[in-house]
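Per-entry structural report
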Amino acid sequence: MARDLIVIRTKPGESAGAWTKVKSRVRVLVNWMLLQAGEMIPFTQKKHVFYRLMGVKIGKNVQIMPNVFFDIFFPENISIGDNVVIGIGTFMACHEFNPEEFRYGKITIKKNALIGARSFILPGVTIGENSLVAAQTVVHKDVPDNVIAFGSPLQFKERNPPQAKPGEVKKARK
């Protein structure tokens, strides 16, 4: 399925400034400051205050690791479901520049998903429930429910999540 994006056509070389047609420079600056403030807090649950002030929708029991970059132009287009883990250094871009157009769209991460470290999530995609995005994966299309997303090009493998109870310790397979 194609990504759902809003497109603003520009003259060649002018796409980087097209966001000013739909966003206030002051609001983008405030979002950048809130993102920096959130990054100064080492505790994953306390950062949420700053990210929510940016406009990011964050569910319950969400863990956001350090150095996660939320789009400063359109953070209100990011929706994160309950029980999600977002790995260190993940980049969520709700916009993209091309030579003759500026495009932006929503990013939706459904409940119980895990986004691996240093992943890059492009605009206009949904990551399904109980899905796992492997570390350093570029997500350029929708990820179905209950899969592992990995590789370049992006591939999917069915996932059988572990059925451990909270607090239970299980030995990992080697």
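What you see is a predicted model; the values in this text were computed from it and never measured.

In this section: the pattern of salt bridges. If you walk through the whole model with that rule in mind, you get 7 salt bridges. Between Arg 9 and Glu 101 there is a salt bridge, with its nearest N and O atoms 3.0 Å apart. Here Arg 9 is found in strand β1 (residues 6–9), whereas its partner Glu 101 is found in strand β9 (residues 101–104), with 92 residues between them in sequence. A salt bridge links Glu 96 to Arg 103, with the nearest nitrogen and oxygen atoms 2.6 Å apart.

Between its first and last C-alpha, helix α1 (residues 25–39) extends 21 Å over 15 residues, near the 21 Å set by a 1.5 Å rise per residue. Looking at α1, one finds that the buried residues are Val 28, Asn 31, Leu 34, Leu 35 and Gly 38. For α1, the angular spread of buried residues about the axis comes to 120 degrees, placing them on one side. Pointing more than 90 degrees away from the buried face of α1 are the exposed residues Arg 25 and Val 26.

This part takes up the nonpolar core. Ranked by size, the top nonpolar core spans 38 residues in total, and within it Phe 70, Ile 80, Ile 109 and Ile 127 carry the most contacts. Among the elements of the structure, α1, α2 (48–54), β5 (78–80), β9, β10 (107–109), β13 (125–127) and β16 (147–150) are those that each provide at least two residues to this core. No other element matches α1, which puts 3 residues into this core. Ignoring any residue separated from it by four or fewer positions in sequence, one finds Phe 70 in contact with Leu 35, Tyr 51, Met 54, Val 56, Ile 64, Ile 78, Ile 80 and Met 92.

Let's shift gears to the packing of aromatic side chains. Applying the stated criterion across every chain, the model contains 9 aromatic pairs. Taking the centre distance of 4.6 Å and the plane angle of 10 degrees together, the rings of Phe 69 and Phe 91 count as stacked. Separated by 22 residues along the polypeptide, Phe 69 in strand β4 (residues 69–70) and Phe 91 in strand β7 (residues 91–92) bring together distant segments of the chain. Joined through ring pairs, the aromatic side chains of Trp 19, Phe 73, Phe 74, Phe 97, Phe 102 and Tyr 104 make up one cluster.

How each quantity is defined
Residues numbered from 1 in each chain as written. Predicted model: local features only at pLDDT ≥ 70, side-chain atom pairs only at ≥ 80, totals over all residues. Heavy atoms only, no water. Salt bridge = Lys/Arg side-chain N within 4 Å of Asp/Glu carboxyl O. Helix = DSSP H or I, 4+ residues; strand = E, 2+ residues; numbered from the N terminus. Expected span 1.5 Å × (residues − 1). Buried < 20%, exposed > 50% of the residue type's maximum accessible area, 1.4 Å probe, protein only. Arc of directions from axis to C-beta. Core = buried A, V, L, I, M, F, W, Y, C linked by side-chain atoms within 4.5 Å. Contact = heavy atoms within 4.5 Å. Phe/Tyr/Trp six-rings, centres within 6.5 Å; stacked < 30°, edge-to-face > 60°.

Bear in mind that shape data such as this cannot, by itself, settle questions of function.
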